[in-house]
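Fold and geometry: a report
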There are 2 protein chains.
Amino acid sequence: MKEIRYFYVPDPDSGELPADEAQHAVRVLRLGVGAELVLVDGCGTLYDAVISDAGNHHCRFTITQARPQQPEWQAAIHLALAPTKNMDRVEWFMEKATEIGLDRLSLLDSQFAERHVVKTDRLERVAVAAMKQSHKAWKPTIEPIEPFRHFIARADLPAQRFIAHCYEPAEGDKPFLGDVLRRSEPALVMIGPEGDFSVDEVRAAESAGFRSVSLGTSRLRTETAALVAVHLMRLANR
Amino acid sequence: MKEIRYFYVPDPDSGELPADEAQHAVRVLRLGVGAELVLVDGCGTLYDAVISDAGNHHCRFTITQARPQQPEWQAAIHLALAPTKNMDRVEWFMEKATEIGLDRLSLLDSQFAERHVVKTDRLERVAVAAMKQSHKAWKPTIEPIEPFRHFIARADLPAQRFIAHCYEPAEGDKPFLGDVLRRSEPALVMIGPEGDFSVDEVRAAESAGFRSVSLGTSRLRTETAALVAVHLMRLANR
């Protein structure tokens, strides 16, 4: 099967590929005037286009057709993550979660985290590459890191929200996320750092309407737990 | 919470840590005579032990208690993978699948694969590290790569076996793995290389009792598809 390569153009009206995409098209793939492109705007639309002008550092195109896409899943999938010390693990998560299905990644500055600063530009590049490679029309939104307590107080969080942690609940038991997720409803799961959330953070989240959940009996690394949570939300959206 | 560190000792009767574990215990962690260890044999038993003799290159121990573990899941989870060109992706899968839950990894020499030779020693090290880090008592078995047609003809494969691929079925439709997996029964899923299995391979597998399945609507990389399949098998074992 012929491999269709997507080019990311956040602003198709510009009629021009972004610099890095232009270099890839012209200098790496050696595409020239008349070559056909498939563009993706990261907001749900693919465009068929033809190269109208190509140089070493620019590539202009003419759009021949806009093809709005149907979402692969209905309800927004939102994951909030306390970043790991090693950013490779967050970048790995970003790639895999984009393939499986993620709408929004929030980054939490959490009490026991070993990392409190994140440059999101590399995560953006990973998300764009994974979106193109997996032929998706939507790019996950990546939010700048924010303090845990600011995040849980936000007014724009979905009603269905969960916090995954390793503590035993005060009373009752902690349900498995997959058993309590409501199908086809927007959902948010918060995943703690290597050292887990603090008890105070868990209490604050529960007061803010987050339900404590387990991700199963296995002991998972932060980025593995995050991917498992994304996959469970994606499964509730089939 | 105090972090419990496991040491891998495939042969606890030896009374001695393997060389790399001994170096880690003595030279990195600076543990000495009298220090308590938790050993794991990778076959379902943890051992409490005390260091009886420690040198730069050896570490002998005395076992104080053997603690056979209950399996986290009941039915064997078996994944057969055509390795990716870049082994980092297989090693990443090995780490994550060990955390989530895998009993056996088979490696397939498949027609469209870009890799036909795999040294499993690195995969073994990744599996051991992930087993210890996720506090599991069982180490996944990693089999040497074998030709696709030899593998599908093996007599020791579970009755419940699937092949995931991207082709449209001749008649009917291809069910989603999660919808057809029978709970708490041994299961095997085969995942193809970047170029997918060949049509001939899919036909041969179906003749050998493998059911064609889909892993959902998302376009997944080989190692992501493999991890999604392992997670679905693990979910059918709760």
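Further up the page is the structure itself.
Report on the accompanying structure.

Details of helix α3 (residues 121–133) of chain A
The end-to-end C-alpha distance of α3 of chain A, which contains 13 residues, comes to 18 Å, matching closely the 18 Å that a straight helix rising 1.5 Å per residue would cover. Where α3 of chain A is buried, its residues contact β1 (6–8), α1 (19–28), β2 (36–40), α2 (87–100), β6 (104–109) and β7 (141–142) of chain A.

Thoughts on the relation of the copies chain B and chain A
Once turned by 180° and shifted 0.0 Å along the axis, chain B lies on chain A with an RMSD of 0.0 Å. Those values place the two copies in the arrangement expected of a two-fold rotation axis. Of all interface residues in chain B, 100% are interface residues in chain A too; the two copies therefore contact each other through one and the same surface.

Some words on the interface of chain B and chain A
Chain B puts 31 residues into the contact, and the matching count from chain A is 31 residues. Buried surface at the junction of chain B and chain A, both sides included, amounts to about 2,600 Å², of which 48% is carbon and sulfur. When residues of chain B are sorted by the area they lose upon contact with chain A, Arg219, His231 and Arg238 of chain B head the list and together hold 23% of the total. Here chain B is connected to chain A by eight salt bridges. Here arginine 238 of chain A and aspartate 179 of chain B are joined by a salt bridge, their closest N and O atoms 3.1 Å apart. Counting across the interface, chain B meets chain A through 25 residue pairs in polar contact (both at pLDDT 80 or more). Listed by contribution, the elements that provide at least two residues to the side of chain B that touches chain A are α2 (87–100) and α7 (222–235) of chain B.

A closer look at the pattern of salt bridges
Enumeration over the complete set of coordinates arrives at 42 salt bridges over all chains. Its salt-bridge partner being arginine 89 of chain A, residue glutamate 95 of chain B comes within 3.0 Å of it at the nearest N-O pair. One end of the pair, glutamate 95 of chain B, is in helix α2; the other, arginine 89 of chain A, is in helix α2, on a second chain. The two residues glutamate 95 of chain B and arginine 89 of chain A agree in class, both being buried. For arginine 182 of chain B, the salt bridge goes to glutamate 185 of chain B, with nearest N and O atoms at 2.8 Å.

What about the pairing of strand β9 (residues 160–164) of chain B?
Residues and elements named next belong to chain B. A large share of β9 lies buried, amounting to five of its five residues. The sheet contact formed by β9 and strand β10 (residues 187–191) spans five bridges and is parallel. The partner of isoleucine 163 across the bridge, within β10, is methionine 190.

Comments concerning the sheet that holds strand β1 (residues 6–8) of chain B
Residue and element names in this part refer to chain B. Strand order in the open sheet formed by four strands is β1-β2-β3-β4, with mixed pairing between adjacent strands. Looking at the sheet topology across the chains shown, the edges are occupied by β1 and β4 (59–68). The sheet shows a mean angle of 40° between the axes of neighbouring strands, direction not considered. Two strands pair when backbone bridges link them, and strand β2 (residues 36–40) and strand β3 (residues 45–54) are joined in this way by five bridges, in the antiparallel orientation. Its bridge partner lying in β3, leucine 37 is registered against alanine 49. Sheet strands in contact with helix α1 (residues 19–28) are β1, β3 and β4, and its direction is about 150° off that of β1. In the packing of helix α3 (residues 121–133) onto the sheet, the strands contacted are β1 and β2, and the crossing angle to β1 comes to about 150°.

Observations regarding unusual backbone geometry
All names here are of chain A. With phi around 55°, serine 184 is a residue other than glycine that occupies positive phi space. The topology assignment puts serine 184 in the loop between α5 (177–180) and β10 (187–191). Judged by relative accessible area, serine 184 falls into the partly exposed class, the value being 42%. Phi at aspartate 196 is positive, roughly 70°, even though this residue is not glycine. Taking the relative accessible area as the measure of exposure, aspartate 196 reaches 5% and is therefore buried.

Concerning the packing of α2 of chain B against α7 of chain B
All names here are of chain B. Put simply, α2 and α7 touch, their axes get as near as 9 Å, and they point 10° apart. Taken together, α2 and α7 sit at an angle that is classed as roughly parallel. Across the interface between the two elements, Arg89, Trp92, Phe93, Lys96, Ala97 and Ile100 from α2 touch Glu223, Thr224, Ala226, Leu227, Val230, His231 and Arg234 from α7. By residue class, the composition of the contact of α2 with α7 is seven nonpolar, two polar and four charged.

Describing the packing of aromatic side chains
Applying the stated rule across the entire model yields three aromatic pairs over all chains. Ring centres of tryptophan 92 of chain A and tryptophan 92 of chain B lie 4.9 Å apart, and the angle between their planes is 50°; this geometry places the pair in the tilted category. With one member in each of two chains, tryptophan 92 of chain A in helix α2 and tryptophan 92 of chain B in helix α2 form a pair that bridges those chains. Here tryptophan 92 of chain A and tryptophan 92 of chain B have matching classes, each one buried. A centroid spacing of 5.3 Å and a plane angle of 50° characterise the contact between phenylalanine 148 of chain A and phenylalanine 197 of chain A, whose relative ring orientation is tilted.

Scoring rules and cut-offs
Every chain is numbered on its own, with residues counted from 1 as its sequence reads. The naming scheme follows written order: chains are lettered A onward, ligands numbered 1 onward. Local features in a predicted model are, by the rule used here, given only for residues with pLDDT of at least 70; side-chain atom pairs are given and counted only at 80 or more, and totals for whole chains, interfaces and linings are based on all residues. Calculation of side-chain values draws on the structure's entire complement of heavy atoms; hydrogens and water are dropped beforehand. Strands are runs of DSSP state E lasting at least 2 residues, helices are runs of H or I lasting at least 4, and numbering of each runs from the N terminus. One less than the residue count of a helix, multiplied by 1.5 Å, gives the span that helix is expected to have. Contact between two residues is taken to exist if any of their heavy atoms lie within 4.5 Å; hydrogens are not considered. Least squares is the method for superposing the copies, and the C-alpha atoms it fits come from residues with pLDDT of at least 70 in both. Buried area, as used here, totals the accessible surface that two parts lose on assembly, with accessibility defined by a 1.4 Å probe and the loss added over both. What makes a salt bridge here is a side-chain nitrogen of Lys or Arg within 4 Å of a carboxyl oxygen of Asp or Glu, nothing more. Within 3.5 Å is the distance limit for a polar contact, defined as a pair of N or O atoms, with the added protein rule that one can donate a hydrogen and the other accept it, and that residues adjacent in sequence qualify only through two side-chain atoms. Throughout this description, buried means an accessible area under 20% of the type-specific maximum (1.4 Å probe, protein chains only), exposed means over 50%, and partly exposed covers the range between. Should DSSP find at least two bridges between two strands, the strands are regarded as paired. Every axis corresponds to a line fitted to the C-alpha atoms, with the helix fit spanning only the stretch in contact, and the corresponding angles, defined between N-to-C directions, vary from 0 to 180 degrees. Small angles under 35 degrees read as roughly parallel and large ones over 145 as roughly antiparallel, with 65 to 115 read as roughly perpendicular and the rest as oblique. Each residue is assigned to one of three groups, with Ala, Val, Leu, Ile, Met, Phe, Trp, Tyr, Cys and Pro labelled nonpolar, Asp, Glu, Lys and Arg labelled charged, and all others, Gly among them, labelled polar. Paired rings are identified among Phe, Tyr and Trp, the last through its six-membered ring, by centres lying within 6.5 Å, and are further divided according to the angle between planes into stacked (under 30 degrees), edge-to-face (over 60) and tilted (the rest).

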